[in-house]
Amino acid sequence: MISEDLLLRSSVRPTAPDDSAPTHLARRGASSHRPGRVTSDHVIATFALTLLTVVTAIGMCRVFADWEFLGTLVVTAIVVHAAALGLRVLRVHAILAIPFGALVLYETIAVQFYRDTVQFGLPSRGTFELISIDTRLVWSQFPTTVAPVSSSGGYLVAATLAIGLVALLSDSFAFRAYGRAEAVVPSGVLFIFMAALGTDRNRISVTAAWLAAALLVIGMLRALHGGVDESWLGRRGRAMGAAVPAAGMIAVVAAIAATIAGPRLPGAGAEPLLDTHRGQADVTEVVSPLVDIRSRLVNRSDTEMFTVDASAGRYWRLTGLSSFDGTSWGLPDRTLESAGGTLNDQITGAALLQQRITISRLGGKLIPAAFAPVSISQRGVLWLPGTDTLVLDDETFHQGDVFNISSTDTDPGPDVLRAATASSPPTSEFFDLPADFPTDVTNLARAVTSGAGTPYDQALALQNYFRTNFTYDLTVQKGHSEDAILSFLRIKRGYCEQFSATFAAMARSIGLPARVAVGFTQGQLEPDGKFHVLGKHAHAWPEVWFDGIGWVLFEPTPGRGAPGAESSTGVAPQQDETPAGNGQAGGAGEPAPSTTIARVTPTTEPNFDGRPAGQAAPTVPPRSSSTSKTSGSGIGPIGWIMLALLALGAWMAAMPTVIARFTRRGSTPSEQVIAAWHGTVGSLMLAGAPPPLGTTPLEYAGTVESRLAVDYRSLIELARFVTRAVYAPNGVGAPAALRAQVLQTHLQQSSRDITPWTTRLRLRLDPRLVRQRLVGDLYR
């Protein structure tokens, strides 16, 4: 009889199959980078892929106004890539792994942007609705968006979602579809998209960095997935350790070449094929009510619109918008009348302000004038009642057109306004709000004005709430819908469009008749004695109706103040005084747009909005619906799904380990060998090779060779061990038991790759199958 030592010495070690092995086994079963098995090389490649996603995030500097966005995007990229790696370590099938990765991204967005709505660590219904609001807002604004945009609010949420999806897709392409160049496609698409829409900021450097990172990823993935085939670096079966330096060197050379040669290529300084700075007319600037303000402020800030020859500067008003449908403010549907005769009654004792308006490059048909116009000397002018709007009865303005206008010039003062009511505007439309107007916004308006005893004090409280708690920021995109209002109240950043529209909507929500006025600030007084009004002076402000007085303007926008209204608003005259060519619309006395949201530090001074001294300003709660239900109550369906998936993931991760720990595999070497054989047979059964009835171990090994692509020599060796363990008088010794366990592990790993994915999934869920794979039917 052959001795046990001789049997061990003559046994064949489980090695990579040679060229005579089955093709499927040679390609997959013996590769050190076998699908589903995560090695240190996979971790290195994942790190490189994460680096590419981070570089793609850095490339977004071309669409954002500052660098505040980067930390959020980097955290998202790292978390999603780490989650994808963890799911691969647990060998979770793609059908479950990709949705689970998407939920990890959802959780990451919830924690970073909507932490107040997260309950028990999970997103709530309020989280989902806030995300919906931000994404709807971005979707509606995108067709007219001009870079750079604000590093807060909906656009940052959208960028975070995009980076998370890039991380999830690139990991799937790289490690589940075994792609090489395909793995960089998601990052490439996003990078090119941002380059097409963004500015020229850091164009060469970020492109070179992205190219280097992409080449590094492709090189590492080719080395990782190359198996024993000829590699792109020219050697058979090149190891990752040797491929990484070569790929890194190629990436560095390509980046340097792109940095040096890129600016010198023909056409590098030419005009872009896609001009994202839309609407920059050369001769005439058309101002539509409210919606064109940002383009004037950003794109044509130094373009002279018109001049005013008057004894004093005022806000030059174009129109008043009274209709709000939840999406936009607009003009009412009324018939235009002739502007001949008296337009508004002159208030007794009020002075008249004479203005001579000369058109430079202002387009459209709305004639600017100080409020409230009383008469205009030119013919061919129409009047829109209820809006105090003068309309040219012609196609459009022509350069050099002149208009002589008289306006009532009055500032009632706080005492007169406090004595006035505000219940009888010209029509009831000045109270109107959509039926689904957010209750949370109404509640905020009530909280802000809770200490105000008169309509005037309520309006003043709203004005000062915005002036002291919000930051002027032109990178916020245009929009004044309900979604835009909710976003504005949350991020506390915007420009006059958001300030005026939100003020008017909140005023109506507490019973104050209000509307939005659109026009320009006073402009620059030049040595010629005229006020020169530029594009950067475009402005919007709210007006509130007071019985017996009429419309009174308020100024909620920080850095702006109406001359002639200092008494009623309590704000000194302010406007954008940046020098021509500076390129930034700021404002005298107004802090430059900063990268952090302004916060008010409570002081011992009384608050303008009627709050007790030292009390923090109220904030808008997360919106759950337009009803009065508490927002964010309950975890919500998606939260419960995430909780269930987390529990499922914990079960799938821990259950096999627990079963293995408490499964008895025999106390003697012979019992351990027999258990190893039965466990191997159990794995082969799961792969599709059940043993025929009455076959011996050696006979079964012969049948497996013809049915499955496994390491036949290792299986024969284990069959010999179990035969000896069963039939030899003295059984086997400890060395044979250890060797049998090694062979079991090797054969189970190779059989796992050819096991149907549904069975592999059941192995993570059903403890009975785990036990079968460990010890077969021997101890069940």
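Quick note: structure is the one above.
Quick summary incoming for the structure in this document. On a predicted model such as this, the values are computed, not experimentally measured, just so you know. Positions within a chain are numbered from 1, following the residues in the order the chain's sequence is written. Local features are withheld for residues below a pLDDT of 70 in this predicted model, meaning they are given only at 70 or higher, and side-chain atom pairs are given and counted only at 80 or more; totals for whole chains, interfaces and linings count all residues. Values shown for side chains rest on all heavy atoms present in the structure; no hydrogens or waters enter the calculation.

### Digging into the pattern of salt bridges
Turning to step 1, where the next piece is worked out: Criterion for a salt bridge: a side-chain nitrogen of Lys or Arg within 4 Å of a carboxyl oxygen of Asp or Glu. Per the stated rule, a full pass over the model turns up nine salt bridges.
Turning to step 2, where the next piece is worked out: Among the salt bridges present, the one from Asp-409 reaches Arg-314, with a minimum N-O distance of 2.7 Å. Remark: Arg-314 occurs in the loop between β2 (304-309) and β3 (316-321) and Asp-409 occurs in strand β14 (residues 402-409); sequence separation between them is 95 residues.
Turning to step 3, where the next piece is worked out: Partly exposed residues are those whose accessible area sits between 20% and 50% of the maximum for their type, while under 20% is buried and over 50% is exposed, using a 1.4 Å probe and protein chains only. A relative accessible area of 22% means that Asp-409 is categorised as partly exposed. Helix and strand definitions follow DSSP, with helices as H or I runs of at least four residues and strands as E runs of at least two, each counted in order from the N terminus.

### Details of the packing of helix α4 (residues 69-89) against helix α7 (residues 154-175)
Packed helices, taken two at a time, are described by their axes: the angle between them and the distance between them.
Turning to step 1, where the next piece is worked out: Throughout, an axis means a line fitted to C-alpha atoms (over the contacting stretch in the case of helices), and angles, computed between N-to-C directions, take values from 0 to 180 degrees. Where α4 meets α7, the axes come as close as 9 Å, and the angle between the chain directions of the two elements is 30°. Between α4 and α7, the interaxial angle falls into the category roughly parallel. Along this stretch, α4 crosses α7, giving a crossing that reads as right-handed. Within the contact between the two elements, α4 uses Phe-69, Thr-72, Leu-73, Thr-76, Ala-77, Val-80, His-81, Ala-84 and Arg-88 and α7 uses Leu-156, Ala-159, Thr-160, Ile-163, Gly-164, Ala-167, Leu-168, Ser-170, Asp-171 and Phe-175. Convention used here: angles under 35 degrees read as roughly parallel, angles over 145 as roughly antiparallel, angles from 65 to 115 as roughly perpendicular, and any remaining angle as oblique. Definitions for this section: a left-handed crossing has its near helix turned counterclockwise from the far helix by less than a right angle. A right-handed crossing has that turn clockwise. Only heavy atoms enter the contact rule, under which two residues are in contact if any of them lie within 4.5 Å.

### So, the pairing of strand β20 (residues 538-546)
Turning to step 1, where the next piece is worked out: Most of β20 sits out of view: nine of its nine residues are buried.
Turning to step 2, where the next piece is worked out: Of the two faces of β20, both are covered, the one formed by Ala-538, Ala-540, Pro-542, Val-544 and Phe-546 as well as the one formed by His-539, Trp-541, Glu-543 and Trp-545.
Turning to step 3, where the next piece is worked out: When DSSP finds at least two bridges between two strands, those strands are taken to pair. Here strand β17 (residues 514-520) pairs with β20 via seven bridges, running antiparallel. Across the sheet, Ala-514 pairs through a bridge with Val-544, a residue of β20.
Turning to step 4, where the next piece is worked out: Across four bridges, β20 lies against strand β21 (residues 550-553) in antiparallel orientation. Paired with Val-544 across the bridge in β21 is Val-552.
Turning to step 5, where the next piece is worked out: What sits between the antiparallel neighbours β20 and β21 is a turn of three residues, in which Gly-548 has the positive phi angle 80°.

### Thoughts on the sheet that holds strand β19 (residues 531-534)
Turning to step 1, where the next piece is worked out: Read across the sheet, six strands follow the order β11-β14-β7-β2-β19-β18 without closing on themselves; strand pairing throughout is antiparallel. Either end of the sheet is taken by a strand with one partner, and the two such strands are β11 (373-376) and β18 (524-525).
Turning to step 2, where the next piece is worked out: In the sheet, β2 pairs with strand β7 (residues 351-359) via four bridges, with the strands oriented antiparallel. In the strand pairing of β7, Val-308 is matched with Ile-357.

### Considering the pairing of β14
Turning to step 1, where the next piece is worked out: Relative to β14, β7 runs antiparallel, the two sharing eight bridges. Looking across to β14, one finds that Leu-353 is bridged to Ser-407.
Turning to step 2, where the next piece is worked out: Relative to β14, β11 runs antiparallel, the two sharing three bridges. If you follow Ile-376 over to β14, its bridge partner there is Ile-405.

### Let's talk about a nonpolar patch on the surface
Turning to step 1, where the next piece is worked out: A surface patch of nonpolar side chains, amounting to about 320 Å² of accessible area, comprises Leu-161, Leu-165, Leu-169 and Phe-173.
Turning to step 2, where the next piece is worked out: Among the secondary structure elements, Leu-165 is positioned in helix α7. Patches were defined on residues exceeding 30% relative accessible area and lacking a salt bridge, with like-charge contacts within 9 Å and nonpolar side-chain contacts (Val, Leu, Ile, Met, Phe, Trp, Tyr) within 5 Å. Where accessible areas are quoted, they stem from the Shrake-Rupley method and a 1.4 Å probe; at the residue level, only the protein chains shown are allowed to cover.

### Observations concerning the sheet that holds β21
Turning to step 1, where the next piece is worked out: Strands sit in the order β10-β3-β17-β20-β21 across an open sheet of five strands; the sheet is antiparallel. Single-partner strands in this sheet number two, and they are β10 (369-370) and β21.
Turning to step 2, where the next piece is worked out: Where β3 meets β17, five bridges bridge the pair, whose relative direction is antiparallel. The residue bridging Thr-319 from the neighbouring strand is Val-518, located in β17.

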